[in-house]
Amino acid sequence: MKYVVIFGSEIKTKDDLFAAFEKHLDLPEYSGKNLDALHDSLGGMKLTLEIKDTKKLTENLGDYGDMLLCMLRDLDDEFESVKIIEN
């Protein structure tokens, strides 16, 4: 199982967000730069993903940050192989 830490304070834009995921994970080509594709990509992995400073993440990304966290919580519920930790 892979353990990845994403620092919300470093994510200022959507591009930063997807760059962070691409940096730490071997995402398939179809993963695109949208939450639906990211959901599909992460759902097939054995992954523990820790998001640090979620408050700053949502401050920086607004509603998109909230949608991201909601999608990650859904992943955690849907897939036994995915664990999401929020700090």
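Rules behind the numbers
Starting from 1, residues in each chain are numbered consecutively following that chain's sequence as written. Given that the model is predicted, a residue must reach a pLDDT of at least 70 before its local features are reported, and side-chain atom pairs must reach 80 or more before they are shown or counted; all residues, however, enter totals for whole chains, interfaces and linings. Side-chain numbers here rest on the full set of heavy atoms in the structure, without hydrogens or water. Definition used in this section: a nonpolar core is a set of buried Ala, Val, Leu, Ile, Met, Phe, Trp, Tyr and Cys residues joined via side-chain atoms within 4.5 Å. Three exposure classes are used, based on accessible area relative to the maximum for each residue type with a 1.4 Å probe and protein chains only: buried under 20%, partly exposed in between, and exposed over 50%. Secondary structure elements follow DSSP: runs of H or I of four or more residues count as helices, runs of E of two or more count as strands, with numbering from the N terminus. Whether two residues are in contact is decided by their heavy atoms: any pair within 4.5 Å suffices. Note on pairing: two strands pair once DSSP finds at least 2 bridges between them. For helices, the fitted line uses only the C-alpha atoms of the stretch in contact; every axis is such a line through C-alpha atoms, and the angle between N-to-C directions lies from 0 to 180 degrees. A carboxyl oxygen of Asp or Glu within 4 Å of a side-chain nitrogen of Lys or Arg is what we treat as a salt bridge. For a helix, the expected span equals 1.5 Å multiplied by the residue count minus one. Think of the arc as the fan of directions from the helix axis to the C-beta atoms.

J.: So what's going on with the nonpolar core? Residues and values would help.
T.: Grouped together as the largest cluster of nonpolar side chains are 26 residues, with contacts concentrated most on F21, L42, L49, L68 and L72. Of all elements in the fold, only β1 (2-7), α1 (14-24), α2 (35-43), β2 (47-52), α3 (54-61), α4 (63-78) and β3 (82-86) reach the threshold of two or more residues within this core. Considering every element that reaches this core, the biggest residue donor is α4, with six residues. Residues within four places of F21 in sequence aside, it is in contact with I6, L27, L38, L42, L49 and L68.

J.: Describe in detail the pairing of β2, supporting the description with residues and values.
T.: Regular strands show a simple pattern: their side chains alternate between the two faces of the sheet. Counting buried positions over the six residues of β2 gives five, a clear majority of the element. The pairing of β1 with β2 spans six bridges and is parallel. Bridging across to β2, K2 finds its partner in L47.

J.: Describe in detail the sheet that holds β2, supporting the description with residues and values.
T.: Pairing is parallel in the open sheet, where three strands are placed in the order β1-β2-β3. Among the strands making up the open sheet, the edge pair consists of β1 and β3. If you compare each strand with its neighbour and ignore which way they point, the axes differ by 15 degrees on average. The pairing of β2 with β3 spans five bridges and is classified as parallel. Of the residues in β3, the one forming a bridge with E50 is I85. In the packing of α1 onto the sheet, contacts are made with β1 and β2, and the angle to β1 comes to roughly 155 degrees.

J.: Which residues make up the pattern of salt bridges, and what values do they have?
T.: According to the stated counting rule, one finds three salt bridges in the structure shown. As a salt-bridge pair, E50 and K52 come within 3.4 Å of each other at their nearest N and O atoms. In this structure, K56 engages E59 in a salt bridge whose closest nitrogen and oxygen atoms are separated by 3.7 Å. On the criterion of helical spacing, the pair formed by K56 and E59 is a turn pair, its members being three residues apart in helix α3.

J.: I'd like a description of α4, backed by residues and values.
T.: Here α4 spans 22 Å end to end across 16 residues, near enough to the 22 Å set by a 1.5 Å rise per residue. Every buried residue belonging to α4 is among Y64, G65, L68, L69, M71, L72 and L75, and all of these are buried. Here the buried residues of α4 occupy an arc of 160 degrees about the axis, which is enough to place them on one side. Exposed residues pointing more than 90 degrees away from the buried face of α4 are listed as D63 and D77. Those residues of α4 that are buried lie in contact with α1, α2, β2, α3 and β3.

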